[in-house]
Number of protein chains: 2
Amino acid sequence: MTAETVDLRLTPQRRAVLDVLRAATDHPTAAEVFDRVRRVQPGIGSATVYRTLGRLVAAGQALELTLDGQPAARFDANTERHDHLLCQSCGAAADIHAPLADGLLADVAARTGYAGLSYDLVFHGLCPACRASQAPSAP
Amino acid sequence: MTAETVDLRLTPQRRAVLDVLRAATDHPTAAEVFDRVRRVQPGIGSATVYRTLGRLVAAGQALELTLDGQPAARFDANTERHDHLLCQSCGAAADIHAPLADGLLADVAARTGYAGLSYDLVFHGLCPACRASQAPSAP
DNA sequence: TGCCATACTGAGAACCGTTCTCAACACATC
DNA sequence: GATGTGTTGAGAACGGTTCTCAGTATGGCA
Ligand SMILES: [Zn+2]
Ligand SMILES: [Zn+2]
Ligand SMILES: [Zn+2]
Ligand SMILES: [Zn+2]
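Since we're looking at a predicted model, the values are computed, not measured.

Conventions used here
Residues numbered from 1 in each chain as written. Chains lettered and ligands numbered in written order. Predicted model: local features only at pLDDT ≥ 70, side-chain atom pairs only at ≥ 80, totals over all residues. Heavy atoms only, no water. Pairing = 2+ DSSP bridges. Helix = DSSP H or I, 4+ residues; strand = E, 2+ residues; numbered from the N terminus. Axes fitted to C-alpha atoms, helices over the stretch in contact; angles between N-to-C directions. Contact = heavy atoms within 4.5 Å. Near = heavy atom within 4 Å. Polar contact = N/O pair within 3.5 Å; in protein donor to acceptor, adjacent residues only side chain to side chain. Nonpolar A, V, L, I, M, F, W, Y, C, P; charged D, E, K, R; others polar. Core = buried A, V, L, I, M, F, W, Y, C linked by side-chain atoms within 4.5 Å. Buried < 20%, exposed > 50% of the residue type's maximum accessible area, 1.4 Å probe, protein only. Donors = N, O, S within 2.8 Å, 3.2 Å for Na, K, Ca; no water. Least-squares fit on C-alpha atoms with pLDDT ≥ 70 in both.

**Q** Mind showing me how you'd approach the sheet that holds strand E3 (residues 83-87) of chain B here?
**A** By way of backbone hydrogen bonds, the strands of a sheet pair with one another, either parallel or antiparallel. Pairing is mixed across the open sheet formed by 6 strands, whose spatial order is E4(A)-E3(A)-E5(A)-E5(B)-E3(B)-E4(B). Pairing within the sheet leaves two strands with one partner each, and these edge strands are strand E4 (93-96) of chain A together with strand E4 (93-96) of chain B. Across the sheet, the mean angle separating the axes of adjacent strands is 25° when strand polarity is ignored. Here strand E5 (residues 115-126) of chain A pairs with strand E5 (residues 115-126) of chain B via 9 bridges, running antiparallel. Paired with A:Ala115 across the two strands is B:Leu126, which belongs to E5(B). Against the sheet, helix H4 (residues 104-112) of chain A touches E5 of chain A together with E3, E4 and E5 of chain B, its axis set at about 120° to E5(A). Against the sheet, helix H4 (residues 104-112) of chain B makes contact with strand E3 (83-87), E4 and E5 of chain A together with E5 of chain B, and its axis sits at roughly 120° relative to E5(B), the strand it touches most.

See below:
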C-alpha cells in the first residue's frame, strides 16, 4: 500500500464519513460530520464517526485542527500544506495560503536545535460579513 | 483602571495563582497550576484556580494556549507577542520569536477582507533531548 | 465598632467532547 | 456451513472544564 491508499475496509459507514468530509469546506467538528453523515446513513453511531475520523487522520487522509477557544476538534479533508483564517465573531474557519518566509524554519531549527520542524499558522480576525454587521457606522 | 491593572480583588488565592503563573516558564496546564498553588495554599479548590485563570486571560494578564493533540489548555504569563515551539515527543512547549515577514498580515487582510488580524504560530519538532535519546545511531 | 451588601470560595454536581467496552454482526476463507 | 477477523452501535466511562450553591471574607458606611 502507498501512503495514499488506506488500509481500511471501505464500509458504507466509512465511505459516508469520507464523502461528507471531502464535500465540506467549512472544517466541521466531529459532531457536525456525524449530523451530516446521519442524513445518508441514519443508523450510524457517533463512535463510528469518531473512530473513522481518527483513522483518516492517522492515515494522513485528513487533518485535525484544534482552534484556540473552541473545545471541539475540527476536521479537514484538504491535506495539502495550508494555513487557516478564523473569524473571532462567527467562528468560521477558512483556508488560506500564507507561507512563512524562506529560511525561517531553518533559522528556528538552528536557533533551538529542534529537528524535523513543521508549523501551524492560524490568523484571527473579523470576517467581512461580521465586520459589516457589527460596525456599520463609527462606534 | 488601565488595561494593565485588573479589576479584581487580590485575594490570597488569586495572588498565589498569579505568582505560580508568573514563576512558570513551561506553560503549565490548569491542573499543573492547581498542584503548584496547593503547595502554598493547601485548601484552594480547583474551581478557584480555573476561575482565576479565566479572569486573568480575560483581563489580558495571561494567555491561554490550546496545542494540537493535547486536551488540556496551557497558560502563559508572558503576554508579549511571541510564538511557540512544541516537542512532538515529550510535549515541552518553549517560547520563541519568529515574526512573520513584514506585510504578510496586511497581505492576508487585503486578500480576504478580514479586519483586525492577528495570528498564532506554533512550530512542531523534536527537541534536542528527545532527538538524542531517540536516535543515537542511524535507525 | 457593628451591619449590610457584595464579592469570593470550595465541594461537588453537571456538562461536553471523546474514548472505551462489549455483544452483535458482516465478510472473506475454507 | 463453520471459523476467524474486523466492524458496528449503544451506552458507559473518562478527563477537562464550568456551574451551583451554601458558607465565608471583605469593604463601605453608620
Ligand atoms: Zn464572522
Ligand atoms: Zn483547512
Ligand atoms: Zn522533547
Ligand atoms: Zn509562551
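**Q** Whenever I open this one, the protein's contact with DNA strand C confuses me. Can you help?
**A** Around DNA strand C sit 17 residues in total, of which A:Tyr50, B:Thr11, B:Arg14, B:Thr48 and B:Arg51 are the nearest. A share of 70% is what sugar and phosphate atoms reach among the atoms of DNA strand C within 4 Å of the protein. With respect to DNA strand C, the side chain of B:Arg14 contributes an N or O atom lying 2.7 Å from a phosphate oxygen. Residue B:Arg55 places a side-chain N or O atom 3.4 Å away from a phosphate oxygen belonging to DNA strand C. Secondary structure elements with two or more residues in the surface near DNA strand C: helix H3 (46-58) of chain A together with helix H1 (12-23) and helix H3 (46-58) of chain B. Examining the composition of the surface near DNA strand C, we find that 4 residues originate from one element, H3(B), more than from any other. Each residue belonging to the surface near DNA strand C can be placed in one class, and the counts come to 7 nonpolar, 5 polar and 5 charged.

**Q** Where do I start with the nonpolar core in this structure?
**A** What tends to happen in soluble globular proteins is that the nonpolar side chains get buried as a cluster. Residues A:Leu100, A:Leu121, A:Phe123, B:Leu100, B:Leu121 and B:Phe123 are the most contacted members of the largest nonpolar core, which totals 30 residues. Elements with a minimum of two residues in this core: E3, H4 and E5 of chain A together with E3, H4 and E5 of chain B.

**Q** In this structure, what is going on with the environment of B:Val108? I would like to understand it.
**A** Along the chain, the position of B:Val108 falls in helix H4. The exposure class of B:Val108 is buried, given its relative accessible area of 0%. Sequence separation between B:Val108 and B:Ala129 is 21 residues; the distance between their C-alpha atoms is 37 Å. For B:Val108, the contacting residues outside a window of four places in its chain are A:Leu85, A:Ile96, A:Ala98, A:Phe123, B:Gly113 and B:Leu117.

**Q** Which parts of the structure should I look at to understand the coordination of the zinc ion (ligand 1)?
**A** For a metal with four tetrahedral donors the ideal donor-metal-donor angle is 109.5 degrees, whereas six octahedral donors ideally subtend 90 or 180 degrees. Residues and elements named next belong to chain A. Around the zinc ion (ligand 1), the protein contributes the donor atoms Cys87 (SG), Cys90 (SG), Cys127 (SG) and Cys130 (SG), which lie 2.3 to 2.4 Å from the metal centre. Considered as a linear motif, the donors of the zinc ion (ligand 1) on their single chain read C-x2-C-x36-C-x2-C. Of the two residues, cysteine 87 is situated in strand E3 and cysteine 130 in helix H5 (residues 128-134); the sequence distance between them amounts to 43 residues. The buried category is assigned to cysteine 87, whose relative accessible area is 2%. Since its relative accessible area comes to 10%, cysteine 130 is described here as buried.

**Q** I tried to follow the coordination of the zinc ion (ligand 2) on my own but got confused; where do I start?
**A** All names here are of chain A. Distances from the zinc ion (ligand 2) to its protein donors, namely His27 (NE2), Asp76 (OD), His82 (NE2), His84 (NE2) and Asp95 (OD), fall within the range 1.9 to 2.2 Å. When the donors of the zinc ion (ligand 2) are listed by position in the chain, the intervening gaps give H-x48-D-x5-H-x1-H-x10-D. Within this pair, whereas histidine 82 is found in the loop between strand E2 (74-76) and E3, its partner aspartate 95 is found in strand E4, the two being separated by 13 residues in sequence. Judged by relative accessible area, which is 8%, histidine 82 ranks as buried.

**Q** It is not clear to me how the protein's contact with DNA strand D should be interpreted in this structure. Could you clarify?
**A** Neighbouring DNA strand D are 18 residues, the closest being A:Thr11, A:Arg14, A:Thr48, A:Arg51 and B:Tyr50. If you look at DNA strand D and keep only atoms within 4 Å of the protein, 70% of those are sugar or phosphate atoms. Measuring from a phosphate oxygen of DNA strand D, one finds a side-chain N or O atom of A:Thr11 at 2.5 Å. Listed by contribution, the elements that provide at least two residues to the surface near DNA strand D are helix H1 (12-23) and H3 of chain A together with H3 of chain B. If you tally residues by element for the surface near DNA strand D, the top one is H3(A), at 4 residues.

**Q** What's the story with the relation of the copies chain B and chain A in this structure? I'm lost.
**A** Comparison of the two chain copies shows a relationship of rotation about an axis with a shift along it. When chain B is fitted to chain A, the residual RMSD is 0.1 Å, and the transformation amounts to a turn of 179° plus an axial shift of 0.0 Å. Those values place the two copies in the arrangement expected of a two-fold rotation axis. In terms of C-alpha distance to the rotation axis, chain B has B:Leu121 as its closest residue, with the C-alpha 2.3 Å off the axis. When you check the interface residues of chain B against chain A, 100% turn up at the interface there too, and the contact is symmetric in its surfaces.

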